[in-house]
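Examining the three-dimensional arrangement
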Amino acid sequence: MCIIAYIPENQEITQDIFDNCWESNSDGGGFMYATGDALHIHKGFMTKKEMQDAYFSIGRSFPRVLHFRIATHGKTNSDNTHPFRINHALGFVHNGVILKTADTKSDHSDTWHFNEQILKPLANKNGKFYKDSILQSLIESFIGGSKLVFLHKDKSVDRKSTRLNSSHIPLSRMPSSA
């Protein structure tokens, strides 16, 4: 499964943990961060050096979400790396397989299809859909055991629809080496 790391404002992931995440999941990566005024998404990294140079240059004064991919559906390419932008203010990352949107004949991943078919239309109708408990329940039913993390440009992080496990650990619970 993919690895998601949520890094709170003014905290940092260690180089060892970053290296272990990449070595375990090297099919590409990306990260997003929110400054309060904008959501910044950097993705498409296909080498550890590319991603670490970009990530460690942004600073620590805002919340960040990193994603390290293991390809299960779609091509192993920069387009299928996470995070995915839902709209100008909201992005997300995914851990798992969303069987209802998995298409073995498509170049796009199940996550890409989920964003295009489900999340973007939801956001067009209700910009805060990810905070609505009824919609969260529907999304959880749809995605099965998958995990999602949403980051809004206002720096709010929503992990309510996620269940933390060894592939998705907040920094405060990360071991010193994975």
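Let me begin by describing the structure that accompanies this report. (Residues numbered from 1 in each chain as written. Predicted model: local features only at pLDDT ≥ 70, side-chain atom pairs only at ≥ 80, totals over all residues. Heavy atoms only, no water.)

**Here's the deal with the overall build of the protein**
When helices and strands are counted, the protein shows 4 helices and 9 strands. Ordered by position from the N terminus, the helices and strands of the protein form the series β-α-β-β-α-β-β-β-α-α-β-β-β. In the protein, which comprises 178 residues, the share counted as buried stands at 48%. Taking the contacts inside the protein whose residues are at least 6 apart along the sequence as the reference set, 70% of them involve residues at least 24 apart. Of the roughly 8,100 Å² of accessible surface on the protein, a fraction of 49% belongs to carbon and sulfur atoms. (Helix = DSSP H or I, 4+ residues; strand = E, 2+ residues; numbered from the N terminus. Buried < 20%, exposed > 50% of the residue type's maximum accessible area, 1.4 Å probe, protein only. Contact = heavy atoms within 4.5 Å. Areas by Shrake-Rupley, 256 points an atom, 1.4 Å probe, with all protein chains shown as cover.)

**Section: empty space enclosed by the protein**
Scanning the entire structure with this criterion turns up 1 cavity of 30 Å³ or more. Looking at the largest cavity, its volume works out to about 60 Å³. Looking at the largest cavity, the residues that line it are Cys 2, Arg 69, Ile 70, Ala 71, Thr 72, His 73, His 82, His 94, Gly 96, Ser 109, Asp 110 and Thr 111. Of the residues contributing to the lining of the largest cavity, the split by class is 3 nonpolar, 7 polar and 2 charged. (1 Å grid on protein atoms, 1.4 Å probe; cavity = no way out; pocket = protein on both sides within 12 Å on 5 of 7 lines; lining within 4 Å. Points joined across faces, edges and corners; volume = space filled by probe spheres on them. Nonpolar A, V, L, I, M, F, W, Y, C, P; charged D, E, K, R; others polar.)

**Side note on the nonpolar core**
For soluble globular proteins, the rule of thumb is that nonpolar side chains tend to be buried together. Ranked by size, the top nonpolar core spans 17 residues in total, and within it Phe 31, Met 51, Tyr 55, Leu 66 and Phe 68 carry the most contacts. The set of elements that each furnish at least two residues to this core consists of strand 1 (3–7), helix 1 (15–24), strand 2 (29–34), helix 2 (48–56) and strand 4 (64–68). If you tally residues by element for this core, the top one is helix 1, at 4 residues. Ignoring any residue separated from it by four or fewer positions in sequence, one finds Phe 68 in contact with Cys 2, Ile 3, Phe 18, Cys 21, Trp 22, Asn 25, Gly 28 and Met 51. With 15 residues, the next largest nonpolar core counts Leu 90, Ile 98, Ile 143 and Phe 150 among its residues. (Core = buried A, V, L, I, M, F, W, Y, C linked by side-chain atoms within 4.5 Å.)

**Structural notes on the pattern of salt bridges**
Following the criterion strictly, the structure yields 8 salt bridges and no others. A salt bridge links Arg 64 to Glu 12; the shortest N-O distance between them is 3.4 Å. A residue pair is termed long-range when its members are at least 10 positions apart, and Arg 64 in strand 4 and Glu 12 in the loop between strand 1 and helix 1 qualify at 52 residues. On the basis of relative accessible area, Arg 64 is assigned to the buried category, the value being 0%. For Glu 12, a relative accessible area of 23% corresponds to the partly exposed category. For the salt bridge of Lys 48 with Asp 19, the shortest nitrogen-to-oxygen distance reads 3.4 Å. Of this pair, Lys 48 sits in helix 2 while Asp 19 sits in helix 1, placing them 29 residues apart in sequence. Using a relative accessible area of 24% as the deciding quantity, one classes Lys 48 as partly exposed. (Salt bridge = Lys/Arg side-chain N within 4 Å of Asp/Glu carboxyl O.)

**Regarding helix 4 (residues 133–143)**
Those residues of helix 4 lying buried are Leu 135, Gln 136, Ile 139 and Ile 143. End-on view of helix 4: buried residues confined to an arc of 105°, all on one side of the axis. Of the exposed residues in helix 4, the ones pointing more than 90 degrees away from its buried face are Ser 133, Ile 134, Leu 138 and Ser 141. On its buried face, helix 4 is in contact with helix 3 (110–125), strand 7 (147–152) and strand 8 (157–158). Measuring from the side-chain oxygen of the N-cap residue of helix 4 to the backbone nitrogen of Ile 134 gives 2.9 Å; that N-cap residue is Asp 132. In the stretch just after helix 4, Gly 144 is the one whose phi turns positive, near 65°. (Arc of directions from axis to C-beta. Polar contact = N/O pair within 3.5 Å; in protein donor to acceptor, adjacent residues only side chain to side chain.)

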